[in-house]
Amino acid sequence: MTALSPVRRREILQALRQGTVPSGSLDVLAVGIDRFAPTVDEDLDAVAAGGSMFKAVRGDYGSGKTFFARWMQQRAMRRGLAVAEVQISELETPLHKLETVYRRTTESLRTAAFPPSAFRNVLDAWLFGVEEDAATAAGADEATAEQVDALLEQRLATVASATPVYPMVLRAYRAALADGDTATADALVAWLGGQPHVGAAAKRAAGVRQDVDHFLAMGFLQGLLAVLEGARHPGLLLVIDEVETLQRMRSDSRAKALNALRQWIDELDSGRYPGLYLLITGTPAFFDGRLGIQSLPPLAQRLHTDFTTDARFDNPRAPQIRLAGFDLDRLVEVGMRVRTVYADGATAPDRIRTLVDDTYLRDLAAAVAGKLGGQVGISPRLFLKKLILDVLDRVDQFSEFDPRQHYALTVTKTELTDTERAAVSADDVEL
């Protein structure tokens, strides 16, 4: 396994204690997805070279869709790409309102160097590069404002032809920075990031009036990709997570969202978004059920993938890839990896390896699955949380603690997610 720094180890363990997916160093926990790595790397390399890509990841709850998406983000950032993750929801982030999706994209944007939101850092890095290149072209220590504007227009020519206001506001932002007008600069960055309710005075300074709407957002995404490229980030991996929530929307909203997804796929194929990798995740019901993509035949045709053969022979280059649910062996293997990560930074590593051996890990995994109605597939989150909080932390801190003698697994309804709770009846949970 990859050697981890104390900071990375602590981040991984803390995320698992909270029942969430760690944000980085996921290779040390990846079980069962290694076979996708060669194709994922090929696709990311193609996007970094100016291509565009769409992929759908399907899997039941607990199969590791969010983990897979974060694992891909980590691989993308190693190549210099920026990443963003958007959670779809009916009220806060409906898929058919692309202005909202774009705003969430800029809010969650991150790079290897900058955490979310890296949007302003990327803008500043791009403008600095434009100024440096303009000065180099002019053979001077510093370029004039006209020379910088000319190079800015040249590099955003493709975006300007579709969305002229994007370079207009970028020019106004640069002018506000030069004048020391921080309030206007902040407001213009917010507007470029798709934020609503930006002050009228700031918009007047840039020569615009409207807020960012559906159509502007599509052009702004092109602008973001151009800016990323100029800031030495050759592309963007955009993860649209939990698209299955579309099934719970009203029929008209669902139809608009599915059509927006079809439009995105077609525009990726047409080359409108060079450097964009769009990844969506959803449950099999979304891809196969009547309330999902099957209700829009053109979209269903674009995403159709044959899953009737043995899963061992699934084609990772297909529009859809499926993640197999966890079985007991895979769950134990993940537990072994977490134990190694923990022991490498523990005060009592030998005691951890002795008391929390492979047999105990299997017993605990089976017990957690048993508390969830025997459904191993939905138990990884809870299993890892219990393993760290209730077992490894205690073994490490208390020399007399033996999990076989002093710990009995209990699960309360308050610590379960909705999906986990649905798998358990009241009699199954010790309250």
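Details of the structure are given in the entry above.
Here's a quick rundown of the structure. (Residues numbered from 1 in each chain as written. Predicted model: local features only at pLDDT ≥ 70, side-chain atom pairs only at ≥ 80, totals over all residues. Heavy atoms only, no water.)

A look at the pairing of strand β1 (residues 53-58)
Step number 1: Taken across its 6 residues, β1 has 5 buried, putting it largely inside the fold.
Step number 2: Looking at chain direction, β1 and strand β4 (residues 276-282) are connected through 6 bridges and run parallel. Bridging from a neighbouring strand, A56 pairs with I280 of β4.
Step number 3: Pairing geometry for β1 and strand β5 (residues 320-322), over 3 bridges, is parallel. Residue A56 lies in a different strand from β5, and its bridge partner there is Q320. (Buried < 20%, exposed > 50% of the residue type's maximum accessible area, 1.4 Å probe, protein only. Helix = DSSP H or I, 4+ residues; strand = E, 2+ residues; numbered from the N terminus. Pairing = 2+ DSSP bridges.)

Some words on helix α12 (residues 251-270)
Step number 1: Compared with the 28 Å implied by 1.5 Å per residue over 20 residues, the 29 Å span of α12 between its first and last C-alpha is a close match.
Step number 2: Turning to α12, its buried residues number three or more, namely S253, R254, A257, L258, A260, L261, R262, W264, I265, E267 and L268.
Step number 3: Among the residues trailing α12, G271 stands out with phi positive, at a value near 90°. (Expected span 1.5 Å × (residues − 1).)

Regarding the packing of aromatic side chains
Step number 1: As enumerated under the stated definition, the model contains 6 aromatic pairs in all.
Step number 2: Seen in terms of ring centroids, F36 and F68 are 5.6 Å apart; in terms of plane orientation they differ by 90°. Their pairing is edge-to-face. Here F36 is found in the loop between α1 (6-17) and α2 (37-48), whereas its partner F68 is found in helix α3 (residues 65-78), with 32 residues between them in sequence.
Step number 3: Overall, the relative accessible area of 3% leaves F36 in the buried class.
Step number 4: Taking 5.2 Å as the distance between ring centres and 75° as the angle between the ring planes, the aromatic pair formed by F286 and F287 counts as edge-to-face.
Step number 5: For F286, a relative accessible area of 0% translates into the label buried. (Phe/Tyr/Trp six-rings, centres within 6.5 Å; stacked < 30°, edge-to-face > 60°.)

Overview of the environment of D288
Step number 1: Here D288 shows up in helix α13 (residues 284-288).
Step number 2: Placed 16 residues apart in sequence, D288 and H304 show a C-alpha to C-alpha distance of 9.5 Å.
Step number 3: Look past the residues within four positions of D288 in its chain and what remains in contact with it is R58 and Q294.
Step number 4: A polar contact of 2.6 Å, which involves the side chain of D288, links it to the side chain of R58. (Contact = heavy atoms within 4.5 Å. Polar contact = N/O pair within 3.5 Å; in protein donor to acceptor, adjacent residues only side chain to side chain.)

Regarding the packing of α1 against helix α15 (residues 328-344)
Step number 1: Where α1 contacts α15, the two axes come as close as 10 Å, and the packing angle between them is 130°. When the axis of α1 is compared with that of α15, the two are oblique. Note on packing geometry: the crossing formed by α1 with α15 is left-handed. Within the contact between the two elements, α1 uses R9, L13, L16 and R17 and α15 uses V338, V341, Y342 and D344.
Step number 2: In terms of residue class, the contact of α1 with α15 is built from 5 nonpolar, no polar and 3 charged. (Axes fitted to C-alpha atoms, helices over the stretch in contact; angles between N-to-C directions. Parallel < 35°, antiparallel > 145°, perpendicular 65-115°, else oblique. Left-handed = near helix turned anticlockwise from the far one by under 90°. Nonpolar A, V, L, I, M, F, W, Y, C, P; charged D, E, K, R; others polar.)

Some points on the sheet that holds β1
Step number 1: Strand order in the open sheet formed by 5 strands is β2-β3-β4-β1-β5, and the pairing between neighbours is parallel. Every other strand in the sheet has two partners, leaving β2 (82-87) and β5 as the edge strands with one partner each. Across the sheet, the axes of successive neighbouring strands diverge by a mean angle of 20°, strand direction being ignored.
Step number 2: Against the sheet, α2 makes contact with β1 and β4, and its axis sits at roughly 140° relative to β4, the strand it touches most.
Step number 3: The strands that helix α11 (residues 214-230) touches are β2, β3 (236-241) and β4; relative to β3, the one it contacts most, it runs at about 140°.

Re the pairing of β4
On a regular strand, each side chain points to the face opposite its neighbour's, so the side chains alternate between the two faces of the sheet.
Step number 1: Here β4 lies mainly inside the structure; 7 of its 7 residues are buried.
Step number 2: Judged by which residues are buried, β4 turns out to be covered on both faces: L276, L278, I280 and G282 on one side and Y277, L279 and T281 on the other are all buried.
Step number 3: As paired elements, β3 and β4 share 5 bridges and run parallel to each other. When the sheet's bridge partners are listed, L237 is paired in β4 with Y277.
Step number 4: What joins β3 to β4 is α12, and the crossover it makes is right-handed. (Right-handed = clockwise from strand over helix to strand, strands pointing away.)

Side note on the pattern of salt bridges
Any two side chains of opposite charge can pair if their charged atoms end up close together.
Step number 1: Throughout the structure, instances matching the rule amount to 30 salt bridges.
Step number 2: In this structure, E85 and R70 form a salt bridge, with 2.8 Å as the shortest nitrogen-oxygen distance. Taken as a pair, E85 in strand β2 and R70 in helix α3 lie far apart in primary sequence, 15 residues in all.
Step number 3: For R70, a relative accessible area of 17% corresponds to the buried category. (Salt bridge = Lys/Arg side-chain N within 4 Å of Asp/Glu carboxyl O.)

Considerations on unusual backbone geometry
Step number 1: At the junction of P116 and S117, the peptide bond is cis and its omega measures out at -10° in the coordinates.
Step number 2: Turning to its location among the elements, S117 is positioned in the loop between α4 (98-108) and α5 (119-138).
Step number 3: A positive phi angle is found at H197, which is not glycine, with a value near 60°.
Step number 4: On the accessibility criterion, H197 (74% relative accessible area) is exposed.
Step number 5: The phi angle at R232 is positive, at roughly 70°, despite the residue not being glycine.
Step number 6: On the basis of relative accessibility, which here comes to 70%, the residue R232 falls in the exposed class.

Remarks on the nonpolar core
Step number 1: Within the largest apolar cluster, 76 residues are counted, with the highest numbers of intra-cluster contacts made by Y166, W191, L236 and I240.
Step number 2: Sorting elements by how many residues they give to this core places α11 first, with 9 residues.
Step number 3: Core analysis: the next-biggest nonpolar cluster, separate from the first, contains 65 residues, V239, V341, Y342 and L361 among them. (Core = buried A, V, L, I, M, F, W, Y, C linked by side-chain atoms within 4.5 Å.)

Some details on the environment of G64
Step number 1: Structurally, the position occupied by G64 is in the loop between β1 and α3.
Step number 2: What makes G64 partly exposed here is its relative accessible area of 22%.
Step number 3: Sequence separation between G64 and A187 is 123 residues, and the spatial gap between their C-alpha atoms is 39 Å.

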